[in-house]
Amino acid sequence: MTASGVKASPSASVPDYTKLREYLLTAVMQDLEAIPPAPEARRQVVQDSLAEAITRTKLTLPESIRDHLLQDILDETTGYGLLQPLLDDPNITEIMVNGPRNIYIEKNGRLERTNVVFEDNSHVMRIIDRIVSPLGRHIDSDSPMVDARLPDGSRVNAVISPCAIDGASITIRKFRKEKYSVAQMIELKSLTQGMADFLRACILGRLNIIISGGTGSGKTTLLNALSGFIPQEERIVTIEDAAELQLEQEHIVRLETKLANVEGHGAVTVRELVRNSLRMRPDRIIVGECRGGEALDMLQAMNTGHDGSLTTIHANTPRDALSRLETLVMMAGMDLPIKVIRQQISSALDVIIQVSRMRDGTRRITAITEVAGMEGDMVTMSDIFKFNQTGVDGEGKIQGTIKPTGLRPLFGPRLEAAGFKLSADIFGGTAADFSTARR
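One structure accompanies this document, and this report is about it. Throughout, a residue's number is its position along its own chain's written sequence, starting from 1. Predicted model: local features are reported for residues with pLDDT of at least 70 only, side-chain atom pairs are reported and counted for 80 or more only, and whole-chain, interface and lining totals are derived from all residues. Only hydrogens and water are set aside when side-chain values are computed; all heavy atoms of the structure are taken into account.

**A few points about the overall build of the protein chain**
Here is step 1 of the chain: Regarding its fold elements, the protein chain presents 14 helices and 15 strands.
Here is step 2 of the chain: Over its C-alpha atoms, taken along the principal directions, the protein chain stretches across nearly 90 × 55 × 40 Å.
Here is step 3 of the chain: Contacts were defined at the residue level, with two residues in contact if any of their heavy atoms lie within 4.5 Å. Considering only intrachain contacts with a sequence separation of at least 6, the fraction spanning at least 24 residues in the protein chain is 56%.
Here is step 4 of the chain: We get accessible surface area from the Shrake-Rupley algorithm with a probe of 1.4 Å; when it comes to residues, only the shown protein chains can shield them. Total accessible area on the protein chain is roughly 22,000 Å²; 51% of this is exposed by carbon and sulfur atoms. What counts as a helix is a DSSP run of H or I of at least four residues, what counts as a strand is a run of E of at least two, and both are numbered from the N terminus.

Quick look at the structure:
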């Protein structure tokens, strides 16, 4: 077995295995090109063509080698070649190709190098073409970067020469077919039951929420899970660069951006989709990620009756999330004074949920923070829940707990008016404590 758990090639036990594979692959490809089959029939055609090609060689192959050849050539002609076994492994969450000979994966939260090796850079390029061509995308030396999505929803980024110096690069963020539920996240100790009850009340109480975190920290996973609290009868509009959200509600309109064509026309941005969504009578607007001027439109939507909206943002702390949001609003080109931007943010946002990928590979909610208002020119914030690390165990696992800070949010009366009276112990105190506490 390789480091990735994929069976090693039997080339060491079969003389000229590589030459035989290339001969058979060439024969199969010629058959496919001569009479291109329908997509649903392609696999069967490959199997029949391969059987005929093996018969023509008059070689008697062990069944194990024959099966390996069949799978190898099926992967090459109907899948994504050497990457297909990695894509099929449910424990692998990310695949990173750094040139033809350095292929890494993330498995169970940890990075490890595989024994998978491409023939050369041209082999990697063929896989990239197989990924992007069916999607109408194009990559070459003039446009050396591309984002794409596999049929199962996995996100793909590819970079080639001249930008990729050491060979073509592919990064695949795999798509989890079954989304995590809040109950599963509690079992994984990503959050506590008290936090889950609090967040459920926030969503049902139609508070505006931003999920903040670094790359791969689990922002979309948490957004997916929390979306399960949205009532079935509400109309939801989701807006994404690449559709990843897996909402279970029936009344959903899913919108996705569109890249420009080869002439540079026809692009549809997140900002345009956010603006358009306001004309679609949404009860909730969910933006997969704010990363540009659409942040201003999102804030204005939150401030004009579209409460209960959710989005994610790249930032390492709740305070950094506000700074990042200010920067994104400036990208809208409206030349607003910084105080006006902060007033927009403080009046629109209610809660920031910070998620982090820990050094041991685990993903946790590390803070739930209220956006409390303005003091002078500054947006004020209060941590309602916060993770405190206590150490690292012998296996390198991060030790710590996330606990309420003892502060009760100022929007508590809004939740009560919506029918959610949360018990004082969720926030780490008693009713008497909160009746006399000063913020």
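**Topic: the sheet that holds strand 14 (residues 378–392)**
Here is step 1 of the chain: Taken together, the nine strands give an open sheet; going across it, the order is 9-8-10-11-7-12-13-14-15, and neighbouring strands pair in mixed fashion. This sheet does not close on itself; its edge strands, each paired only once, are strand 9 (252–256) and strand 15 (398–404). Each strand axis lies, on average, 25° off the axis of its neighbour in the sheet, ignoring direction.
Here is step 2 of the chain: Pairing between strands requires that DSSP locate at least two bridges from one strand to the other. As defined by bridge partners, strand 10 (residues 284–287) adjoins strand 11 (residues 310–314) across two bridges and the pair is classed as parallel. Bridged to I286 within strand 11 is L310.
Here is step 3 of the chain: Note on method: axes are straight lines fitted to C-alpha atoms, helices fitted across the in-contact stretch only, with angles between N-to-C directions ranging 0 to 180 degrees. The strands touched by helix 8 (residues 219–227) within the sheet are strand 7 (209–213), strand 10, strand 11, strand 12 (351–357) and strand 13 (363–375), with strand 7 carrying the most contacts at an inclination of about 150°.

**Focus: the sheet that holds strand 4 (residues 145–149)**
Here is step 1 of the chain: The sheet built from six strands is open, its strands ordered 3-2-1-6-5-4 with antiparallel pairing. The open sheet has two edge strands, strand 3 (110–113) and strand 4, and neither has a second partner. Averaged over all adjacent pairs, the angle separating strand axes in this sheet is 15°, with direction ignored.
Here is step 2 of the chain: Two elements, strand 5 (residues 155–159) and strand 6 (residues 169–173), share five bridges in a ladder whose sense is antiparallel.

**Focus on the pattern of salt bridges**
Here is step 1 of the chain: In what follows, salt bridge is the name for a side-chain nitrogen of Lys or Arg lying within 4 Å of a carboxyl oxygen of Asp or Glu. Across all of its chains, the model carries 20 salt bridges by this definition.
Here is step 2 of the chain: For E256, the salt bridge is made with R149, and the minimal N-O distance between the two is 2.2 Å. Placement of the pair is E256 in strand 9 and R149 in strand 4, with a sequence separation of 107 residues.
Here is step 3 of the chain: Its relative accessible area of 33% is what places E256 among the partly exposed residues.
Here is step 4 of the chain: With a relative accessible area of 28%, R149 lands in the partly exposed category.
Here is step 5 of the chain: Between E289 and R291 there is a salt bridge, with its nearest N and O atoms 2.8 Å apart. Using a 1.4 Å probe on the protein chains alone, a residue whose accessible area is under 20% of its type maximum counts as buried, one over 50% counts as exposed, and one in between counts as partly exposed.

**Section: the packing of aromatic side chains**
Here is step 1 of the chain: Classification of ring pairs rests on two measures: the distance between centres of Phe, Tyr or Trp rings, Trp counted by its six-membered ring, which must be within 6.5 Å, and the angle between planes, read as stacked under 30 degrees, edge-to-face over 60 and tilted in between. Throughout the structure, instances matching the rule amount to three aromatic pairs.
Here is step 2 of the chain: Aromatic pair F198 and F385: ring centres 5.6 Å apart, planes at 55°, arrangement tilted. Taken together, the residues F198 in helix 7 (residues 193–204) and F385 in strand 14 connect sequence positions 187 residues apart.
Here is step 3 of the chain: When its relative accessible area of 0% is taken as the criterion, F198 is described as buried.
Here is step 4 of the chain: Using a relative accessible area of 1% as the deciding quantity, one classes F385 as buried.
Here is step 5 of the chain: Residues F198 and F427 carry aromatic rings whose centres are separated by 5.6 Å and whose planes lie at 85° to one another, so their mutual orientation is edge-to-face.

**Details of unusual backbone geometry**
Here is step 1 of the chain: A cis amide bond links S161 with the next residue in sequence, P162, at an omega value of 10°.
Here is step 2 of the chain: As for its position among the elements, P162 is in the loop between strand 5 and strand 6.
Here is step 3 of the chain: Here R206, not a glycine, exhibits a phi torsion of approximately 65°, which is positive.
Here is step 4 of the chain: Tracing the sequence through the fold places R206 in the loop between helix 7 and strand 7.
Here is step 5 of the chain: At D335, a residue that is not glycine, the phi angle is positive and equals roughly 55°.
Here is step 6 of the chain: Considering the arrangement of structural elements, one finds D335 in the loop between helix 11 (318–330) and helix 12 (338–348).

**Observations regarding the pairing of strand 10**
Here is step 1 of the chain: Along strand 10, one buried face is formed by R284 and I286 and the opposite face, lined by I285 and V287, is buried too.
Here is step 2 of the chain: As paired strands, strand 8 (residues 236–240) and strand 10 are joined by four bridges and run parallel to one another. By the bridge assignment, T238 is partnered in strand 10 with I286.
Here is step 3 of the chain: Chirality of the crossover, the property in question, places the unit of strand 10, helix 10 (residues 294–303) and strand 11 among those that are right-handed. When the strands point away from the viewer and the path from the first strand over the helix to the second turns clockwise, the crossover is right-handed.

**Quick look at empty space enclosed by the protein**
Here is step 1 of the chain: A pocket, in this scheme, is an open set of points on a 1 Å grid over the protein atoms alone with protein on both sides within 12 Å along at least 5 of 7 lines, while a cavity is a set where a 1.4 Å probe fits but cannot get out; residues line either one if an atom lies within 4 Å of a point. Grid points are joined across faces, edges and corners, and a volume is the space filled by probe spheres set on the points. Evaluation of the coordinates by the stated rule reveals two cavities of 30 Å³ or more.
Here is step 2 of the chain: Lining the largest cavity are R408, P409, G412, L415, E416, F420, K421, L422 and F427.
Here is step 3 of the chain: Split into classes, the residues belonging to the lining of the largest cavity amount to five nonpolar, one polar and three charged.
Here is step 4 of the chain: I210, C290, A295, M298, L299, M302, T311, L325 and L349 are the residues that line the second largest cavity.
Here is step 5 of the chain: Tallying contributions element by element places helix 10 first for the lining of the second largest cavity, with four residues.
Here is step 6 of the chain: Taken together, the residues of the lining of the second largest cavity sort by class into eight nonpolar, one polar and no charged. Polar here means any residue outside two lists: the nonpolar Ala, Val, Leu, Ile, Met, Phe, Trp, Tyr, Cys and Pro, and the charged Asp, Glu, Lys and Arg; Gly therefore counts as polar.

**Describing the side chain of S309**
Here is step 1 of the chain: In this structure, S309 sits in the loop between helix 10 and strand 11.
Here is step 2 of the chain: Within the structure, the side chain of S309 is placed 2.8 Å from the backbone oxygen of H306, a separation counted as a polar contact.
Here is step 3 of the chain: Excluding residues within four positions of it along the chain, S309 makes contact with L207, N208, I209, I285, M298 and M302. Polar contact is the term for a pair of N or O atoms within 3.5 Å; when the atoms are in protein, one must be able to donate a hydrogen and the other to accept it, and sequence-neighboring residues count only if both atoms are side-chain atoms.

**Remarks on the packing of helix 1 (residues 17–34) against helix 2 (residues 42–57)**
Here is step 1 of the chain: Direction vectors running N to C along helix 1 and helix 2 enclose 130°, while the axes themselves pass 9 Å from each other. With respect to each other, helix 1 and helix 2 are oriented oblique. The interaxial crossing formed by helix 1 with helix 2 has right-handed handedness. Of the residues in helix 2, those in contact with L20, Y23, L24, A27, V28, D31 and L32 of helix 1 are R42, V45, V46, S49, L50, A53, I54, R56 and T57. Note on angle classes: values under 35 degrees are labelled roughly parallel, values over 145 roughly antiparallel, values of 65 to 115 roughly perpendicular, and the remainder oblique. For any helix crossing, the convention is left-handed if the near helix is rotated counterclockwise from the far helix by under a right angle, and right-handed if that rotation is clockwise.

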